[in-house]
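Given next are the chains, with one letter for each unit.
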Amino acid sequence: MKIVIEKLGIWMMVASLGFVVSSLFVILFVHYWSHTEAGKVPPKTAVLLHAVHHNLVTPDMRAPRFLSSSGTPRFTNEMIEIPVTDGTTVEGKMYRPIEEGPHPIIMYYHGGAFMEGYGSIHTHDNIVRALASRTNSIVIAVGYRVAPKYPFPTAIEDSYDALVWAHQYAEELGGDPANIAVAGDSAGGNIATVVSLMARDRNGPDIKAQALLYPLTTFQDIEFDSRTTYDSGYYLLSRSVMLRARDTYTPDESLWIHAYTSPLDAEDLYNLPPAIVITAEFDPLRDEGEAYAKRLAEHGVPVQTIRYNGVMHGFISFYEVMYRGNHGLNQTSRFLRTAFEEEPTYKPFQLYVYEGTTTRSMKVRDQAEAYAIGSFLLGKQALSIFD
């Protein structure tokens, strides 16, 4: 019996030592990943960037159950066909609250560099689903056609047609035609604000608000610091992709100064919907997004501008495992809910910088989750060696 107890004690010591060593191993790797080419990033950002660059995550991957929340579904979803003016249709996906309406309507335009293979209504489904839930709105993701087969202006015309269609059939959809907003990320952020310009210029549907997540706002070669500092692609968007998108979507250079491609350079930004503009510290599009928000404010448009430090382009797509992403999505949802209820108050331009978790418990949780994900990624990489 004594020998058995001694052996158990030895095995427990070995197991404990192994756990300590493996934990230190994970911590060291996460610390190493945190030191990027343009500076240090938070642990959670570091492990997600590592995962993306080593193809360890896919756009349709669900968050681990222990990192995400669940509840009773409050809405339905269905694929739809949206008619456009050239006589064809584009694909869409619609989320609708189960409870009786009428409900506000949000038109969502996905990111993806205006090019085939870079994004779709399916790669951004988690954002669309969450917006529906957090705003209790009908959210319609628009599958606008993209380059190279469909260069400018097909994407914006499809997107505007979808807005007009949603407004026309709002009541049949259970929606409120007087409460429609547009939203989008990256290239979709560009489209959302361009659709707002088109609706104003064409006396189209009244838009209550525009939510622009790290939007591209100019095709011109402007010397923004963020474009040069974070242009390698490590932060999920490269300068080479941006240039390819421009050449593919707008092959005619004269289009680069058009208000409907480069809203930052538009002469007239008056009478546009109130906006929330969200940017990311490690993002080549950061400075132009903030510059556009400032120009909106200069033209009398109520605008809320938030820069999230410590994160990269596209960070809200990771809201299920990234606190800053979840916070950004909450801010966007709160802004839209408020805009549907009352006119946002105009204030002079002010950039609010969000540094991240503020409480000790949240910081501890954020780090613990980073190490947990890091451990998973290291294990996955190790297994891939033997595949």
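What counts, and where the lines are drawn
Residues numbered from 1 in each chain as written. Predicted model: local features only at pLDDT ≥ 70, side-chain atom pairs only at ≥ 80, totals over all residues. Heavy atoms only, no water. Salt bridge = Lys/Arg side-chain N within 4 Å of Asp/Glu carboxyl O. Helix = DSSP H or I, 4+ residues; strand = E, 2+ residues; numbered from the N terminus. Buried < 20%, exposed > 50% of the residue type's maximum accessible area, 1.4 Å probe, protein only. Contact = heavy atoms within 4.5 Å. Phe/Tyr/Trp six-rings, centres within 6.5 Å; stacked < 30°, edge-to-face > 60°. Pairing = 2+ DSSP bridges. pLDDT = per-residue confidence, 0-100. Core = buried A, V, L, I, M, F, W, Y, C linked by side-chain atoms within 4.5 Å.

(A) Quick peek at the pattern of salt bridges. Taken as a whole, this structure holds 14 salt bridges when the rule is applied. Between E288 and R227 there is a salt bridge, with its nearest N and O atoms 2.9 Å apart. With E288 in helix α9 (residues 286–298) and R227 in helix α7 (residues 225–229), the pair connects residues that are 61 residues apart, well separated along the chain. Residue R227 is classed as buried on the basis of its relative accessible area of 5%. Across the pair D287 and R286 runs a salt bridge whose closest N-O atoms are separated by 2.9 Å. The network of salt bridges with shared partners includes K93, D125, R129 and E320.

(B) Fine view of the environment of P177. Structurally, the position occupied by P177 is in strand β7 (residues 175–185). Given a relative accessible area of 26%, P177 falls into the partly exposed group. When sequence neighbours within four positions are dropped, the list of residues in contact with P177 reads H167, A170 and E171.

(C) Just the environment of A245, in detail. Tracing the backbone through its elements, the reader meets A245 in helix α8 (residues 239–249). With a relative accessible area of 5%, A245 lands in the buried category. Once the C-alpha coordinates of A245 and G112 are considered, the two residues, 133 residues apart in sequence, prove to be 9.1 Å apart. Apart from the residues within four sequence positions on either side, A245 is in contact with A113, M115 and T250.

(D) Focus on the packing of aromatic side chains. In total, this model carries 13 aromatic pairs according to the counting rule given. Measuring from centroid to centroid gives 5.7 Å for F152 and Y249, while their planes differ by 90°, and the two rings are edge-to-face. Here F152, found in the loop between β6 (138–143) and α4 (154–168), pairs with Y249, found in helix α8; they are 97 residues apart in sequence, far enough to count as distant. Residue F152 is classed as buried on the basis of its relative accessible area, which comes to 15%. Their ring planes at 45° and their centres at 6.1 Å tell us that W165 and Y169 sit as a pair that is tilted.

(E) How the structure looks around unusual backbone geometry. In this chain, A147 is followed by P148 through a cis amide linkage whose omega measures 5°. Mapped onto the secondary structure, P148 falls in the loop between β6 and α4. Put simply, F152 and P153 share a cis peptide bond, and its omega is 10°. Relative to the helices and strands, P153 resides in the loop between β6 and α4. At F114, a position not held by glycine, the phi torsion is positive, near 65°. Structurally, the position occupied by F114 is in the loop between β5 (103–109) and α3 (125–135). Residues other than glycine seldom take positive phi values, yet L236 does so here, at roughly 80°. Note that L236 resides in the loop between α7 and α8.

(F) Layout of the pairing of strand β3 (residues 75–83). Taken together, the nine bridges between β3 and strand β4 (residues 89–97) define a ladder with antiparallel strand orientation. By the bridge assignment, I82 is partnered in β4 with V90. Between β3 and β4, which pair antiparallel and follow one another directly, the connecting turn spans five residues, one of which, G87, has a positive phi of 90°.

(G) A look at the confidence of the model for the protein. Chain-level statistics for the protein give a pLDDT mean of 86 and a share of 76% at 70 or above. Considering only residues more than four positions removed or in separate chains, one finds that residues 11–23, a stretch of pLDDT under 50, has zero contacts.

(H) Geometry of α3. Of all the eleven residues making up α3, nine are buried; the element is thus mostly covered by neighbouring parts of the structure. All of the buried residues in α3 are D125, N126, I127, V128, R129, A130, L131, A132 and T135. Summarising the contacts, the buried residues of α3 are in contact with β3, β4, β5, β6 and α10 (323–341).

(I) Structural view of the nonpolar core. With 62 residues, the main nonpolar core has M107, Y109, I140 and L163 as its most contacted residues. Top contributing element to this core by residue count: helix α6 (residues 187–201), with eight residues. For L163, the residues in contact, after removing those within four places along its chain, are M107, Y109, I180, V195, A199, P205 and I207. Counting residues in each nonpolar core, the second largest holds 43 residues, with A141, A181, Y214 and F340 among its members.

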